[in-house]
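Residue-level listing of the chains:
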Amino acid sequence: METTSRVGAQAPAAEGGQQLPSARRTIDGYLRAPFPWYGLDEAFTGPRWLMQVGTAADGAVEHGSIGHGDEPSVRGETGSAGEQRDRFAVVVTVAAQPSRRSADGTGLLEATSVSSAAWLAGVGLLSFTWPGQMDHSLRDDWLDQQTETAWALADDLDGPEWSRLSLPVDGAAASFHYRESEYGWVLAGTTESGVHLGAYGRGMSAYGLGFAVVKDITAYA
């Protein structure tokens, strides 16, 4: 799956509570999607917030993320190991797409799959992870290495790094691929609504989560 641009996440509010133009652009990206967005179901009563969408070269929205709980900071960048970790879960929605021609007609775009959702979730978790003992100058190399590892893991969902986890999606049990690491957890599965789901989190157990279609995405802005 190829993503060429993103719509940035948290936008500040202007004085008086009015949203700035960047906030409007963020919600516009979600509203343009031709597929339903997923988040945690109503059993989760904490904060919810929009993050970013990914688009193809022609501007079509292909995937996006919605956060739940604490807005995460980079683990290891500040604070000590003894401090309380962030408690968050992020749900990634990926449009189920067949292999198709690119916008300019010169090639084919890869089909999306559960592996696409697993990779996006794995990379998403990495974006909030940074070993505390690592020098800043080494982080790019570390991220490159870990991104390659996330891709390899996503491409082998039946491998030993993954287990199976059954969680509710729109009230019905669904099977997910699930793995844990020292940085948090990642899972990926599919739905009957034309999308694949990925999720990642830290400090919040995946075992009690459920997923549901977001009825009003504007309520998250």
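Please refer to the structure higher up on the page.
Every residue gets a number counted from 1 within its own chain, in the order that chain's sequence is written. In keeping with the model being predicted, local features are shown solely for residues with a pLDDT of at least 70 and side-chain atom pairs are shown and tallied solely at 80 or more, while totals for entire chains, interfaces and linings include all residues. Calculated side-chain values reflect all of the structure's heavy atoms, with hydrogen atoms and water omitted.

(A) Focus on the overall build of the protein chain. Labels follow the DSSP assignment, with helices taken as runs of H or I lasting at least four residues and strands as runs of E lasting at least two, numbered in each case from the N terminus. Across its full length, the protein chain holds 3 helices and 12 strands. Counting every position in the protein chain, which comprises 221 residues, the buried fraction comes to 46%. The contact definition used throughout considers only heavy atoms, calling two residues in contact when any of these lie within 4.5 Å. Across the protein chain, contacts joining residues at least 24 apart in sequence account for 61% of those joining residues at least 6 apart. Of the roughly 11500 Å² of accessible surface on the protein chain, a fraction of 48% belongs to carbon and sulfur atoms. Per-residue accessibility, obtained with a 1.4 Å probe over protein chains only, is compared with the maximum for each type, and a residue is labelled buried under 20%, exposed over 50%, and partly exposed between these values. Each accessible area value is a Shrake-Rupley result obtained with a 1.4 Å probe; residue values ignore everything except the protein chains displayed when judging cover.

(B) Geometry of the nonpolar core. Grouped together as the largest cluster of nonpolar side chains are 54 residues, with contacts concentrated most on Tyr30, Trp37, Leu187, Tyr200, Phe211 and Ile217. Top element by residues in this core is strand β5 (residues 88-95). It accounts for 7 residues. Apart from residues no more than four positions distant in its own chain, Ile217 is found in contact with Ile27, Tyr30, Leu31, Trp37, Leu50 and Ile66. In this text, buried Ala, Val, Leu, Ile, Met, Phe, Trp, Tyr and Cys residues form a nonpolar core when linked through side-chain atoms within 4.5 Å.

(C) The arrangement of the packing of aromatic side chains in detail. Here a pair means two rings of Phe, Tyr or Trp (six-membered ring of Trp) with centres within 6.5 Å. Their orientation is stacked below 30 degrees between planes, edge-to-face above 60, and tilted elsewhere. The tally for this structure, following the rule as stated, stands at 7 aromatic pairs. Ring geometry for Tyr30 and Trp37: centres 4.9 Å apart, planes at 55°, overall tilted. The class for Tyr30 is buried, based on a relative accessible area of 1%. Taking relative accessible area as the criterion, Trp37 reaches 5% and is therefore assigned buried.

(D) How the structure looks around the pattern of salt bridges. A pairing counts as a salt bridge when a side-chain nitrogen of Lys or Arg comes within 4 Å of a carboxyl oxygen of Asp or Glu. Under the criterion given, the structure shown has 1 salt bridge. Among the salt bridges present, the one from Arg202 reaches Asp86, with a minimum N-O distance of 3.6 Å. Highlighted residues: Arg202 in strand β11 (residues 195-202) and Asp86 in the loop between β4 (61-69) and β5, separated in sequence by 116 residues. Residue classification places Arg202 among the buried residues on the basis of a relative accessible area of 2%.

(E) Here's a closer look at the environment of Pro34. As for its position among the elements, Pro34 is in the loop between α1 (21-31) and β2 (38-40). Note: C-alpha distance between Pro34 and Ala95 (61 residues apart in sequence) is 8.4 Å.

(F) Broad picture of a negative patch on the surface. Taken together, the side chains of Asp155, Asp156, Asp158 and Glu161 make up a negatively charged region of the molecular surface. For Asp156, the position within the fold is in the loop between α3 (139-154) and β8 (163-169). A relative accessible area of 41% places Asp156 in the partly exposed class. What goes into a patch is any residue over 30% in relative accessible area without a salt bridge, connected to like charges within 9 Å or, for nonpolar side chains (Val, Leu, Ile, Met, Phe, Trp, Tyr), within 5 Å. Charge counting treats Lys and Arg as positive and Asp and Glu as negative, with His and both chain ends excluded. Charged side chains are reduced to one point each, which is NZ for Lys, CZ for Arg, CG for Asp and CD for Glu.

(G) Molecular detail of the pairing of strand β10 (residues 184-190). Burial runs high along β10: 6 of the 7 residues are buried. Between any two strands, at least two bridges found by DSSP are needed for them to pair. Here strand β9 (residues 172-181) pairs with β10 via 5 bridges, running antiparallel. Bridge assignment links Glu180 to a residue of β10, and that residue is Trp185. Hairpin connection of β9 to β10: 2 residues between the antiparallel strands. As defined by bridge partners, β10 adjoins β11 across 6 bridges and the pair is classed as antiparallel.

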